[in-house]
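Descriptive analysis of the structure
Now for the letters of each chain:
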2 protein chains.
Amino acid sequence: MNQVIETMLNHRSVRNFQDRALSKEQIEQIVMSAQAASTSSFIQAYSIIGVTDQSKKDKLAEVVGNQPYVANNGHFFVFCADLHRHAIIAEMEKNDVLPSLESTEKFMVSLIDAALAAQNAAVAAESMDLGICYIGGIRNNLEEVQRILKTPEHVIPVFGMAVGYPEKINDKKPRLPLDHVYMENEYQQDEVVFKKQLEDYNKIISEYYKERTGGKREDTWTGQIGQMLEKKSRMYMKEFVQKQKMDLR
Amino acid sequence: MNQVIETMLNHRSVRNFQDRALSKEQIEQIVMSAQAASTSSFIQAYSIIGVTDQSKKDKLAEVVGNQPYVANNGHFFVFCADLHRHAIIAEMEKNDVLPSLESTEKFMVSLIDAALAAQNAAVAAESMDLGICYIGGIRNNLEEVQRILKTPEHVIPVFGMAVGYPEKINDKKPRLPLDHVYMENEYQQDEVVFKKQLEDYNKIISEYYKERTGGKREDTWTGQIGQMLEKKSRMYMKEFVQKQKMDLR
């Protein structure tokens, strides 16, 4: 197993950072790595906002639900699905692009582009022995995030990423069994096998939580996920996205 | 600059592969790397289908528009945004999850999860000196892809990835200027600066195409993107996604 794969397999989210800022060079290497990721038909439909203004970081930490690692870290990035520059291009080039630009397809493209870039950024940071944590919690209130970051129409801040020197290293969370996530030639059709895999995984996760909490936490994965999904969270999203003129048709 | 970052900065899409299959071990390392990526609230909302059946690969190559590298490669992966297992979990755990599961928010989560996993897979493959190419072209006809791969409701095949031993190495495509994609504290508000950055980039891209084609191709980036976006491509997507019971509310 090579060093690149080892870096990726060693990933865990870090939520406690030392009070030490990233250098300009580190930030540039992270952003350059992000930019080197693939992009759908060369569209480059994302932007990255680095937040260094402490008052803005504090406000973002509030949106997320008072997570101190959003305010206190080595650097805070926000990754945006971004079709704004493409709307400007249409003005420059006198192309009629809005029917296509505001489609579900292009909404998907911009989300995927932002995520591909972000994952390269994450791997780059971890390769420098920095820790990272994705912050989906910025989607708790994108109206507010939009005010803080002044993002225009055709842009959606999709997640943040806190990066920094780890203060505390968490355990690695075991993933779903490989043969549950990875199938060959067609989707797993046998529901009995499918459920058996989930139950096997539940045992692994129960054991993991028990060990971490000295026997206190008894959770299974399916229990945890079922409960989480029962909560109707961020149900304003469709309205927000469409107000940004994305996913319209 | 470390080896991990070098691997990522060295990325280019490969579209010509040697006739040599990946080993089981290589495939496993790629999938394990994909699984190690971050996932929103531990939801793991994606699946990966490896396509080894040549007749299926040939059919997928047709969907994409007769791209030979979809049929001929070392391995072909399809990454799916997947909330199907979460619907099964709701049955197992007797949770009422559909209002949340079928929301725009969870649609976004599943797309992002699939993309984060895929980018780790891409970096893993490239770290083993394999080449990769993302295949967004499977979205040309997802009805057909769904028939080929037998994906159920709450699942959307989002892109393929051809992986293999490179036969031919392309040049690296220059990306947008770093300070165009990366901003600090707020979105770039000055449209004059914004357009200037795009024009500067146009010069770089024109030069790149000229060099590659011995002076024949005269394209700019904004010209190419404006024309591409004028085409109303994959406008069936919203209907397809909603038929899969995603992005409904």
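From a predicted model like this one, the values you see are computed outputs, not experimental measurements.

Cut-off values and rules
- Residues numbered from 1 in each chain as written.
- Chains lettered and ligands numbered in written order.
- Predicted model: local features only at pLDDT ≥ 70, side-chain atom pairs only at ≥ 80, totals over all residues.
- Heavy atoms only, no water.
- Pairing = 2+ DSSP bridges.
- Helix = DSSP H or I, 4+ residues; strand = E, 2+ residues; numbered from the N terminus.
- Axes fitted to C-alpha atoms, helices over the stretch in contact; angles between N-to-C directions.
- Contact = heavy atoms within 4.5 Å.
- Buried area = accessible area lost by both parts, 1.4 Å probe.
- Salt bridge = Lys/Arg side-chain N within 4 Å of Asp/Glu carboxyl O.
- Nonpolar A, V, L, I, M, F, W, Y, C, P; charged D, E, K, R; others polar.
- Least-squares fit on C-alpha atoms with pLDDT ≥ 70 in both.
- Buried < 20%, exposed > 50% of the residue type's maximum accessible area, 1.4 Å probe, protein only.
- Domains from an automatic or database assignment.
- Expected span 1.5 Å × (residues − 1).
- Polar contact = N/O pair within 3.5 Å; in protein donor to acceptor, adjacent residues only side chain to side chain.
- Parallel < 35°, antiparallel > 145°, perpendicular 65-115°, else oblique.

1. Observations concerning the sheet that holds strand β4 (residues 155-164) of chain A
Through backbone hydrogen bonds, the strands of a sheet pair up, either in parallel or in antiparallel fashion. Taking strand neighbours across the sheet as the criterion, the five strands line up as β3(A)-β4(A)-β2(A)-β1(A)-β5(B) in an open arrangement whose pairing is mixed. Across the chains shown, the open sheet's two edge strands, defined by having one partner strand only, are β3 (131-135) of chain A together with β5 (182-184) of chain B. Averaged over all pairs of adjacent strands, the angle between strand axes in this sheet comes to 25°, irrespective of strand direction. One ladder, built from five bridges, connects β3 of chain A with β4 of chain A; its direction is antiparallel. From the neighbouring strand, Ile132 of chain A faces β4 of chain A, where its bridge partner is Val163 of chain A. Of the strands in this sheet, β1 (46-51), β2 (75-82) and β4 of chain A touch helix α8 (residues 142-149) of chain A, which is tilted by about 75° from β4 of chain A.

2. Remarks on the sheet that holds strand β4 (residues 155-164) of chain B
Strands sit in the order β5(A)-β1(B)-β2(B)-β4(B)-β3(B) across an open sheet of five strands; the sheet is mixed. Bordering the open sheet on either side are β5 (182-184) of chain A together with β3 (131-135) of chain B, each of which pairs with just one other strand. Averaged over all pairs of adjacent strands, the angle between strand axes in this sheet comes to 25°, irrespective of strand direction. Direction of pairing for strand β2 (residues 75-82) of chain B relative to β4 of chain B: antiparallel, over a ladder of eight bridges. Bridging from a neighbouring strand, Asp82 of chain B pairs with Val155 of chain B of β4 of chain B. Relative to the sheet, helix α5 (residues 84-93) of chain B contacts β1 (46-51), β2 and β4 of chain B, its axis offset from that of β2 of chain B by approximately 50°.

3. Focus: the interface of chain A and chain B
On the side of chain B, 127 residues touch chain A, which itself brings 127 residues to the contact. Summed over both partners, the interface of chain A with chain B comes to about 10,900 Å²; 63% of that surface belongs to carbon and sulfur atoms. Looking at the side of chain A facing chain B, the largest losses of area belong to Phe42, Asn185 and Tyr187 of chain A, adding up to 8% of the total buried there. With its nearest N and O atoms 3.3 Å apart, the salt bridge here joins Lys150 of chain A to Glu186 of chain B. Considering only residue class, the side of chain A that touches chain B consists of 63 nonpolar, 37 polar and 27 charged. Note that β5 of chain A and β1 of chain B share three bridges and pair parallel. Opposite Met183 of chain A, over in β1 of chain B, you have Ile49 of chain B as the bridge partner.

4. Observations concerning the relation of the copies chain A and chain B
For the match of chain A to chain B, the screw axis carries a shift of 0.0 Å, the RMSD comes to 0.0 Å, and the turn is 180°. Taken together, the rotation and translation relating the two chain copies correspond to the operation of a two-fold axis.

5. Overview of the pattern of salt bridges
By the definition in use, this model includes 32 salt bridges over all chains. Lys238 of chain B serves as the salt-bridge partner of Asp247 of chain A, at 3.3 Å between the closest nitrogen and oxygen. Note that Asp247 of chain A is positioned in the segment after α12 (237-243) and Lys238 of chain B in helix α12 (residues 237-243), a pairing that runs across two chains. For Glu102 of chain B, the salt bridge is made with Arg249 of chain B, and the minimal N-O distance between the two is 3.4 Å. Here Glu102 of chain B is found in the loop between α6 (98-101) and α7 (104-127), whereas its partner Arg249 of chain B is found in the segment after α12, with 147 residues between them in sequence. With a relative accessible area of 34%, Arg249 of chain B lands in the partly exposed category.

6. Details of the domain arrangement of chain A
By the assigned domains, chain A splits into domain 1 (3-170 + 232-243) and domain 2 (178-218). The distance between the C-alpha centroids of domain 1 of chain A and domain 2 of chain A comes to 30 Å.

7. What to know about helix α10 (residues 191-212) of chain B
Between its first and last C-alpha atoms α10 of chain B spans 31 Å; for 22 residues at 1.5 Å apiece the expected length is 32 Å, and the two agree. Those residues of α10 of chain B that are buried are in contact with α5 (84-93) of chain A together with α9 (178-181) and α11 (221-230) of chain B. For α10 of chain B, the side-chain oxygen to backbone nitrogen distance between the N-cap and Val192 of chain B is 3.0 Å, and the N-cap itself is Asp190 of chain B. Residue Gly214 of chain B follows α10 of chain B closely and has a positive phi angle near 60°.

8. A few points about the side chain of Asn202 of chain B
If you trace the backbone, Asn202 of chain B turns up in helix α10. Discounting residues that sit within four places of it in the chain, Asn202 of chain B has contacts with Thr220, Trp221 and Thr222 of chain B.

9. Quick look at the packing of α10 of chain B against α11 of chain B
All names here are of chain B. Interhelical geometry of α10 versus α11 gives an angle of 95° and a closest axis separation of 7 Å. Considering the angle they form, α10 stands roughly perpendicular to α11. Residues Leu198, Tyr201, Asn202, Ile205 and Tyr209 of α10 touch α11, and the partners they reach there are Trp221, Thr222 and Gln224. Here the contact of α10 with α11 is built from residues that sort into five nonpolar, three polar and no charged.

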